[in-house]
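Notes for the structure review
This is what each chain is made of:
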Amino acid sequence: MTPRPRGRCGLRRRTGRLRAAALLAAALVLPGAGPATAADGQKVRLPVMPARLEAGDPCTGGSKARATAVPWEQQNLQLARTSAFGKGAGVKVAVVDTGVSTDAPTLAGRVSVVGGAGTDCVGHGTFVAGLIAAAPAENVRVAGVAQESRIIAVRGTDERGTATAASVAAGIRAATDAGAKVVQVSPALASGSPALASAVRYAAAHDALIVAAATPDPMRSSPGREPEPPRDYWPASAPGVLSVIDMDSRGARPDNAPATLGADLAAPGDGVVGVGPRGGGHFIGSGASFAAAYAAGTAALVRSAHPELSAAATARRLTRTAYPADVPHLDPYAAVTSVQDPAEHTRAERDDSVVLPPGNGSEGATRRAVWITVAGGSLALLVAWAALIVPRGRSRGWRPAARRRVAGAGTATPGD
């Protein structure tokens, strides 16, 4: 597959408009972070959700720990506020992953299965489905983005989580044939294939929006092993695919995150809380696949609230209403509630902002996001937004702006 043309990339900071915006963002960040907590304020230690299982590893079981307080990522995305405007009713979201367990209590009755994808030995696909659509349990405030959407379970890997271009391509086609209007793809492959490119085009032709992880989820690394250089991953780099990278509670890329050459959106993906394949307990997970889950859930909200929008128009709405940054941050509330042309809808016109607290993004499962209102800040925000969001052409089909370049493990520069 031939990569798309891209803009110039570098590790240096952009001058002028990006410096001004960075200073403004820094001024809005307030201190304060906390570990994963229960409703009574006690710290909760959660087991880690694996991306795949090694030979001989047992299947992931249930978790005995529950994080009952609102996780930092839900606060950051304003999910409680956004849910007042819709919960994704009527939209089918496919999860192309390790399967989705039909035994997961908070997804009960809303999972349709393709083939044998109703079981999930790894647990990863169930975790992703929960971020998209899990209903809140009694006395638990951990929940999905689009709680009334329906999940289509599609296996895009083998039973232990290993994916190939052929398995992902088959998963995308199966998801499209099952009627999904949003297709979340967790695997990020080092290379594509003609079959995978064809599957992406097939989904686009059937008005299905593919939302894919821009990088693989981090794996256990050997001591002294050099990190992989930045590169493209597939299908996230295919034209027409909405690619998403993970950010931590500071709004930066986690230290151990694989590097990529570009992404369309950033969303919470470091130390996020989700459900397991069975039982009512919770797990902690980190990786771009979880960020893609939040973006896919938001796409379901948009397609439910604005059914007249095509897949391409939904993607444009998500990118144009995102919070301004080198790689724009997903903003579900703005995506759902904007009534003007999103290209003309500035951040200064919204009535408040969510900012991320500082802290180590991998230290705990939950941090408190901080809501602040800045008196007299509308003009400064308007200037920062106008300086950052400038239309840039690109040969990406629907994409109205250039794919943002991501250099290293936390720096991104807009393409020209």
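Refer to the structure presented above.
Attention in this report is confined to the structure presented alongside it. Owing to the predicted nature of the structure, the values given are computational and were not obtained by experimental measurement.

A look at the overall build of the protein chain
The number of helices and strands found in the protein chain is 10 helices and 13 strands. Counting the 416 residues in the protein chain, one finds 56% classified as buried. A separation of at least 24 residues holds for 75% of the contacts in the protein chain among residues at least 6 apart in sequence.

Looking at empty space enclosed by the protein
For the coordinates displayed, the defined rule picks out 2 cavities of 30 Å³ or more. Surrounding the second largest cavity, Gly 130, Leu 131, Ala 134, Val 142, Ala 143, Gly 144, Val 273, Gly 274 and Val 275 form its lining. Put simply, the parts of the chain that give the lining of the second largest cavity at least two residues each are helix 4 (124-133) and strand 8 (272-275). Tallied by class, residues from the lining of the second largest cavity come to 6 nonpolar, 3 polar and no charged.

Here's the deal with helix 6 (residues 194-205)
Counting along an α-helix, one turn takes 3.6 residues, and residues three or four places apart therefore face a common direction. Between the first and last C-alpha of helix 6 there are 16 Å, a value that for 12 residues agrees with the 16 Å anticipated at 1.5 Å per step. Restricting attention to buried positions, one finds in helix 6 the residues Leu 196, Ala 197, Ala 199, Val 200 and Ala 203. On an axial view of helix 6, the arc spanned by its buried residues comes to 160 degrees, and they lie on one face. Turned more than 90 degrees off the buried face of helix 6, the exposed positions are Pro 194, Arg 201 and Ala 205. Those residues of helix 6 that are buried are in contact with helix 5 (165-177) and strand 5 (209-213). Of the residues flanking the end of helix 6, it is Asp 207, one or two places downstream, whose phi is positive at about 60 degrees.

A closer look at the environment of Ala 135
Here Ala 135 shows up in the loop between helix 4 and strand 3 (150-155). Distance from Ala 135 to Ala 108, taken between C-alpha atoms, is 9.0 Å for residues 27 residues apart in sequence.

Let's talk about the packing of helix 7 (residues 288-305) against helix 8 (residues 311-320)
A pair of packed helices is characterised by two quantities: the angle between their axes and the separation of those axes. At their nearest, the axes of helix 7 and helix 8 sit 10 Å apart, and the two run at 115 degrees to each other. In the crossing of helix 7 with helix 8, the sense of the turn from one axis to the other is right-handed. Every residue of helix 8 that contacts helix 7 at Ala 295, Thr 298, Ala 299, Val 302 and Arg 303 is listed here: Ala 311, Thr 314, Arg 317 and Leu 318. For the contact of helix 7 with helix 8, the residue count by class is 5 nonpolar, 2 polar and 2 charged.

With respect to the nonpolar core
Residues Ile 132, Ile 151, Val 211 and Tyr 294 are the most contacted members of the largest nonpolar core, which totals 51 residues. Here this core takes 11 residues from helix 7, the largest share from any one element. If we skip the residues at most four places from it in the chain, Ile 151 touches Val 93, Val 95, Val 100, Arg 110, Val 111, Ser 112, Ala 129, Ile 132 and Ala 133. The next biggest cluster of nonpolar side chains, apart from the first, holds 24 residues, and it includes Val 96, Val 154, Leu 196 and Ala 238.

The rules behind these values
Residues numbered from 1 in each chain as written. Predicted model: local features only at pLDDT ≥ 70, side-chain atom pairs only at ≥ 80, totals over all residues. Heavy atoms only, no water. Helix = DSSP H or I, 4+ residues; strand = E, 2+ residues; numbered from the N terminus. Buried < 20%, exposed > 50% of the residue type's maximum accessible area, 1.4 Å probe, protein only. Contact = heavy atoms within 4.5 Å. 1 Å grid on protein atoms, 1.4 Å probe; cavity = no way out; pocket = protein on both sides within 12 Å on 5 of 7 lines; lining within 4 Å. Points joined across faces, edges and corners; volume = space filled by probe spheres on them. Nonpolar A, V, L, I, M, F, W, Y, C, P; charged D, E, K, R; others polar. Expected span 1.5 Å × (residues − 1). Arc of directions from axis to C-beta. Axes fitted to C-alpha atoms, helices over the stretch in contact; angles between N-to-C directions. Left-handed = near helix turned anticlockwise from the far one by under 90°. Core = buried A, V, L, I, M, F, W, Y, C linked by side-chain atoms within 4.5 Å.

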